[in-house]
Amino acid sequence: MATEAIYPHRDPMLKKRDDFEDMLEERRNSSDLRYALRCYTPVLYKGLAPCKASMLKSMVLQSDQLHHVIGQVSRETGRAADDVQEEASAILEEMAHCLQLSTVRFFAFTLSKVFKTLFRSICVNEEGIQRQAIQEHPVVLLPSHRSYMDFLLMSYILYTYDIALPVIAAGMDFMGMKFVGEMLRMSGAFFIRRSFGGDKLYWSVFSEYVKTMLKNGFAPVEFFLEGTRSRTSKSLTPKLGLLNIVMDPYLKGEVYDINVVPVSISYERILEEALYAREMLGVPKPKESTSGLFKARKVLSEDYGSIHVYFGQPVSVRSLAQGRVNRCQFNLVPRHIPRRPSEEIQSFVNDSAYRLVRAQEENMVLKPWVLLASLLLQNHHQDQTAGQKRGMVLEELTAQAVWLRDMFREYGAFLHWPDHVPPSEVVSSSLSLHRGLVRVCEGRVQLAVEQGGQVKPGEPHSTVTPEEELLSQAVIVLSCASYRNQGLHVFLRPALLASAINAASSNLKQEVFNSFSFLRNMFSNEFILCPGATVQDFEEACYLLVKTGALQVTQQELLVTERGQRTVAFLTSMLDPFLQGYQVVCRFLCEEATENLTEKQFVPAVRKFIIKHLLAGRLRYTEVLSSDLQKNSLAALLRLGAVQKIKAAEQGTLKVNKVMVNSLEDTLGGRLPTQKAVGARL
Amino acid sequence: MLGNTSDRQRIAQQRLRIIAGHLQGPVDGDSAILAAECKAQGSKTDVCREGKTVPRRRQEIMKWNGWGYSDSKFLFNKKGQAEFTGKRYRLSGMIIPGLKDWMEGTFGANLQHKTPATPLLTSSAVQPATLNKAFLEELKSTGIPFSHDAEDRVFRAHGHCLHEIFALREGKFGRVPDMVVWPNCHNDVVKIVELACKHNVCVIPYGGGTSVSSALECPPEETRSIVSLDTSQMNRILWIDEKNLTAHVEAGIVGQDLERLLNESGYCTGHEPDSMEFSSLGGWVATRASGMKKNIYGNIEDLVIHIRMVTPRGVIEKSCQGPRMSTGPDIHHFIMGSEGTLGVVTEVTMKIRPMPEYQKYGSVVFPNFEQGVACLREVAKQRCAPASIRLMDNEQFKFGHALKPQVSSIFTSFLDGLKTFYITKFKGFDPNRLCVATLLFEGDREKVLQHEKQVYDIAAKFGGLAAGEDNGQRGYMLTFVIAYLRDLGMDYYVIGESFETSVPWDRVLDICRNVKARIIQECKDKGVQFPPLSTCRVTQTYDTGACVYFYFAFNYRGLSDPVHVYEQVEHAAREEILANGGSLSHHHGVGKLRKEWMRDTVSNVGVGMLKSVKDYVDPDNIFGNRNLL
């Protein structure tokens, strides 16, 4: 397997990681103003003189690539070249950053104030920051994206450590926020439209702009590989557009190498916690607006725990491409003529993207609350099945958390569990930080679903329909699930194996593998599973389960050991909500989907269907209401060809292959052996 | 360049020679007699013929395990100063004060740490010759001189790749030819090839022995007797045709003899590869050579009018000497670049030109390499390149600087200081970034001066400053002594080599940067303890691109298998070149060193075409050096 070389098989516990230091500590002990005004002299790439924003713009406008495309557009549309040139110039004007140190200093000052009120600490690995700062080659920063805070935080850190400030690709929606948009622009953000599919000129200006900055080493380029904030705390399937652009200069030989730095930002408590949950439940997200931001200031009074920012090992694009890409393919066409990337390059960029997202995942710091949320959610579901509302005894929760902690560690998770504090204290302090989500009463802990979420003070809450109550419970559950999801990547592969063992009709290795491979394929839109690495993942999962004594592997069979029962049960129930969710979506498509169901109508319709089932008690998992899960499952079905998009006049309608969807549902539910449903497609 | 007379004297002498040449009457009459009596002449050529550089026993004047003449070499004298021995070159007999510091600074070399070469060739270490008795008997009856002396054989078993010289210095020999023959004329070659076919003997043609592509290495798997066919004694100018400006020359003549003899008649070919002291006309044809002054005279393919080659199938040649023909694919192009796999080139008709009236060196300093390349590109665009224009990068500029001989007058060194001050302080050039272009103009005095002005005007637009003739001339000297310098390096743990490519203009900067960086990185990865020298120059310009030349050397102290490391790095560098749109070779050829990339370079069908030519011309692989394919 080609991917084998990428993930050398090794014990995850042996991973070496840097130490953290708290950035806020110094801020609490010295003047913020002096800090904001201090001398900022970052080392520049190869001693380059910094480039003014205006100079950068003219370099872009005079580039061969843009010249070529302007000529092309002008020929195709019959517009005068000057006219097109002007349009290009306007696009660039709308897009370009204009980094100003004074604005950065302003942010340095205000953010210091804000961060100190919001967070207990901001921990960063200084070694990692210094590692990426050695600017032998142009640098691309790839932070994970969980909050609006992310990119301000990144610039704040780099400013603090006297490192060249990045230019950041931001979505155009920020531009809507009048004043703030400009402020962000002046602190290094440049704005790109969310979709510009066929617009050649836009793409050309955009890619040339990014490449010019990168090639000349004017500034590190920063963007979010996941494209948007993950509302679920699971990493999102990487978007390839920008990655393609930043790798291009290397592939075309315009720079010797490019260093890509995955950065993992983990929040103990996410600012947008409830916001995300509402959004996924169909309460539309408020449009970004300045006034909205001020309304959000009430968050200032709360405690959001700590942030951990880990700068991972820089990845050299050259070494990624070694033996994978034949760069000679660019020899025969002038390099400035834009061309679609070849299949070889597409698959290379795709694999690299997955690898980088996994690198982000690996260095995500997990707090004890992640374990607690997982346990409490499982308990919540058990209670619901049993029709009780008892919660968990605190001591029991603590004991289970300690068990889970050890398992996490064995799986190589980057877990921050203070070992010098007694576990009970760790648990209670975690619970108190997240008191919006849990309730402790009479020594028992349970999710705070009874409160009916957080009802806004202005709203009347006299008549609460069962549906509204369900939705408000779901807010809590989804928030909780998002914390559980933070740790999903740690045991995703073992969990897929555990579920596969459960589903397979026998213990035969081949059968379990088939089942594993089916599940993995089914869920590859849901989780970060590198394409083509099935065997790899299977072996990794076996390795981990064997290592922890939960599994015995013989020549032919996989056997769960006595002591492994608990692990396997835990792992299976981790994945169960997703299994159930995908089945429900399948059922919806079989039972209720009409001929002209459009893609747009899909989520509301499936949500209605699910609410009905939840209220009727035919479904245990409230979190299935997550539109994220619903969209992912649709994407999976589309990928597998069980549903097809038919292009209609206005928008695509969904054509459902009911036989196939039905058999997929049965296979997910374990009612059908894997091979039949797998078919030739899988 | 050769000899230690000053330029002015040299030009005066050339003038005299031109006049003398005219007075001496037609040369061709004389040569024609020689050609007719080739065999008689051949039988009494044991002594080095007057005026000809290369004797049959090359070891009489050349090193057996290094570059060039035995009497010329760099060494560190008792005072620890570098000095160049002998009397042949401008640099000969001079002290080069800067070289020691440069070697220590660049490579971390140390005069205390020596790696001396095995002083003598021990014949017993050479494999005994596998002789084909029947072939030998018949060869004897032809009267063509031959030898199976170990020294003669070893001398023809190698070119000048690093690994070849390194092995010789250690006294190690692999497969060597089993005998050497010295044909005296075309007909001798015809006989030898006939006999070789008859007795199934492998023939490897040998010209000047300056190959840097492992082309002369005997395939170790070859079980037949290997005959090295040394063309060095076929070295006459057979006739000169002044009406058409052509000369018909035997292919074994070496560059310096060809130029000297033509000069005597007032002509030149203008083909001056850096190896011209030793490389032969036949070798140029067989490898598609390129000369320094190709901008005026053209490369070998532009210079050649007619070729005669002896193949196992017979003699191939065209029937007339028309300047251009539309007669299907040009058969010359099967011959040029065939690298000795199809036959032996015996005679060539070449274009000649009257000797230029005036020559002038020059140089331009640029603030950085980028500006320099931009200037060369503009010069190429305006098609006003002088006879030669080369752009050295900063490292190479410093290298050239280190070769400045000791100056006798305080005044000169004061002037040098002043120049440096002007460029670095007054003009603000960074001494660690600036680079220099060296120029050579040739032609009518007036036109040269006009041309010079045009080029300097362009250079000025790219921030270039004229930096004098001396800098220019030294730049060209570097290319003649670099091979001698490598021998000095090898005495002190430093190994290195040069390699080249050609690349479109838009890729020049990228390829220079990336290949140099790749070399540095690979050295680091392979455990080289000292930073390597990794430098390049743009050495030829064309309408659409340029030829780039890389030097690469490192101090190998602490490495157990330096040659292997060296080869890995060179391999990686070549991959980098190809990945950056560079060609497999501009003029060194493919040989066996770069064979593995041929298929990617010319496509499957291309390889198939070449193969089928080989199969037709030489079905029994008599010319079995296994180059190219």
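Rules used throughout
- Residues numbered from 1 in each chain as written.
- Chains lettered and ligands numbered in written order.
- Predicted model: local features only at pLDDT ≥ 70, side-chain atom pairs only at ≥ 80, totals over all residues.
- Heavy atoms only, no water.
- UniProt positions renumbered as here; feature names shortened; annotations may be inferred.
- Helix = DSSP H or I, 4+ residues; strand = E, 2+ residues; numbered from the N terminus.
- Contact = heavy atoms within 4.5 Å.
- Polar contact = N/O pair within 3.5 Å; in protein donor to acceptor, adjacent residues only side chain to side chain.
- Domains from an automatic or database assignment.
- Buried area = accessible area lost by both parts, 1.4 Å probe.
- Salt bridge = Lys/Arg side-chain N within 4 Å of Asp/Glu carboxyl O.
- Buried < 20%, exposed > 50% of the residue type's maximum accessible area, 1.4 Å probe, protein only.
- Pairing = 2+ DSSP bridges.
- Expected span 1.5 Å × (residues − 1).
- 1 Å grid on protein atoms, 1.4 Å probe; cavity = no way out; pocket = protein on both sides within 12 Å on 5 of 7 lines; lining within 4 Å.
- Points joined across faces, edges and corners; volume = space filled by probe spheres on them.
- Nonpolar A, V, L, I, M, F, W, Y, C, P; charged D, E, K, R; others polar.

S.K.: Any chance you could explain the UniProt feature "site: Important for enzyme activity" (unreviewed entry) in chain B here in plain terms?
M.R.: Residue and element names in this part refer to chain B. Annotation from UniProt places "site: Important for enzyme activity" (unreviewed entry) at Arg-390. Checked against the element boundaries, Arg-390 lands in strand 16 (residues 388-392). Residues contacting Arg-390, with those up to four places away along its chain left out, are Asp-274, Met-292, Val-436, Ala-437, Thr-438, Tyr-476, Thr-479, Arg-537, Val-538 and Thr-539. Within the local environment of Arg-390, its side chain forms a polar contact with the side chain of Asp-274, the two groups lying 3.2 Å apart.

S.K.: Any chance you could explain the environment of A:Val84 here in plain terms?
M.R.: Here A:Val84 is to be found in helix 5 (residues 81-95). Once residues within four sequence positions are removed from consideration, A:Val84 is found in contact with A:Ile70, A:Val73, A:Ser74, A:Arg79 and A:Leu201.

S.K.: Sorry, what's going on with the domain arrangement of chain B here?
M.R.: As a measure of interface size, the accessible area lost when the parts come together is often cited. Residue and element names in this part refer to chain B. Looking at chain B, the domain boundaries give domain 1 (237-354) and domain 2 (358-580). With centres defined by C-alpha atoms, the gap from domain 1 to domain 2 works out at 29 Å. Summing the contributions of domain 1 and of domain 2, the shared interface buries around 1,200 Å²; its carbon and sulfur component is 45%. Considering only the side of domain 1, the residues that lose the most area to domain 2 are Asp-274, Met-292 and Asn-295, jointly responsible for 49% of the buried surface there.

S.K.: Would you mind going over the pattern of salt bridges with me for this structure?
M.R.: Between side chains of opposite charge, pairing is possible as soon as their charged atoms come close. For the structure shown, the criterion picks out 73 salt bridges over all chains. B:Asp178 is the partner of B:Arg175 in a salt bridge, and the nearest nitrogen-oxygen pair spans 3.2 Å. A salt bridge links B:Lys293 to B:Glu442; its shortest N-O distance comes to 2.4 Å. In this pair, B:Lys293 sits in the loop between helix 10 (281-287) and helix 11 (294-297) while B:Glu442 sits in strand 17 (residues 435-443), placing the two residues 149 residues apart along the sequence. Since its relative accessible area comes to 10%, B:Glu442 is described here as buried. Through salt bridges with shared partners, a single network forms among A:Arg318, A:Arg327, B:Arg518, B:Glu522, B:Lys526 and B:Glu576.

S.K.: Any chance you could explain the pairing of strand 13 (residues 344-351) of chain B here in plain terms?
M.R.: Consecutive side chains along a regular strand alternate between the two faces of the sheet. Residues and elements named next belong to chain B. With 7 of 8 residues buried, strand 13 is to be regarded as a mostly interior element. As judged from the 5 bridges shared by strand 9 (residues 246-250) and strand 13, these two strands associate in the antiparallel manner. Each bridged residue has a counterpart across the sheet, and for His-248 the counterpart in strand 13 is Thr-349. The sheet contact formed by strand 11 (residues 304-311) and strand 13 spans 6 bridges and is antiparallel. Paired with Val-304 across the two strands is Met-350, which belongs to strand 13.

S.K.: Sorry if this is basic, but what is going on with the pairing of strand 3 (residues 139-143) of chain A here?
M.R.: All names here are of chain A. Within strand 3, 5 of the 5 residues are buried, leaving the element largely enclosed by the surrounding structure. By the alternation rule, side chains of strand 3 split into Val-139, Leu-141 and Pro-143 and Val-140 and Leu-142, which are all buried. Bridge count for strand 3 against strand 7 (residues 259-267) is 5 bridges, and the pairing is parallel. Directly across from Pro-143, in strand 7, lies its bridge partner Val-263. Sheet analysis places strand 3 next to strand 6 (residues 221-222), joined by 2 bridges and oriented parallel. Across the sheet, Val-140 pairs through a bridge with Val-221, a residue of strand 6.

S.K.: Can you walk me through the sheet that holds strand 19 (residues 494-504) of chain B in this structure?
M.R.: The strands that make up a sheet are held in pairs by hydrogen bonds between backbone atoms, and each pair lies either parallel or antiparallel. Residue and element names in this part refer to chain B. Sheet architecture is open: 7 strands sit in the order 18-15-17-16-20-21-19, paired in antiparallel fashion. The sheet is open, and its two edges are formed by strand 18 (465-466) and strand 19, each paired on a single side. Two elements, strand 15 (residues 358-366) and strand 17, share 9 bridges in a ladder whose sense is antiparallel. Bridging from a neighbouring strand, Val-364 pairs with Ala-437 of strand 17.

S.K.: Help me understand the sheet that holds strand 10 (residues 392-393) of chain A, please; the structure alone is not making it clear to me.
M.R.: All names here are of chain A. Taking strand neighbours across the sheet as the criterion, the 3 strands line up as 10-12-11 in an open arrangement whose pairing is antiparallel. Of all strands in the sheet, those with a lone pairing partner are strand 10 and strand 11 (438-441), marking the two edges. Bridge count for strand 11 against strand 12 (residues 444-447) is 4 bridges, and the pairing is antiparallel. Bridge pairing links Val-438 to Leu-447 in strand 12.

S.K.: Could you clarify how one ought to interpret helix 6 (residues 101-118) of chain A in this entry?
M.R.: Side chains that are three or four residues apart share a direction in an α-helix, a result of its 3.6 residues per turn. Residues and elements named next belong to chain A. The terminal C-alpha atoms of helix 6, which comprises 18 residues, lie 25 Å apart, in line with the 26 Å expected from a rise of 1.5 Å per residue. Looking only at helix 6, the buried set comprises Thr-103, Val-104, Arg-105, Phe-107, Ala-108, Leu-111, Ser-112, Phe-115 and Leu-118. Turning to helix 6, the residues buried within the fold contact helix 1 (23-29), helix 2 (32-37), strand 2 (121-124), helix 8 (149-160) and helix 9 (178-186).

S.K.: Honestly, empty space enclosed by the protein in this entry has me stumped. Any pointers?
M.R.: Where empty space is left becomes clear once a probe the size of a water molecule has been rolled over the atoms. Residue and element names in this part refer to chain A. Scanning the model with the defined rule gives 11 cavities of 30 Å³ or more in all. Around the second largest cavity, the lining comprises 21 residues; the ones closest to its centre are Ser-233, Lys-234, Ser-235, Asn-485 and Gln-486. Of all elements in the fold, only strand 7, helix 19 (466-486) and helix 20 (488-503) reach the threshold of two or more residues within the lining of the second largest cavity. The element best represented in the lining of the second largest cavity is helix 20, accounting for 4 residues. Among the residues forming the lining of the second largest cavity, the class breakdown is 10 nonpolar, 6 polar and 5 charged.

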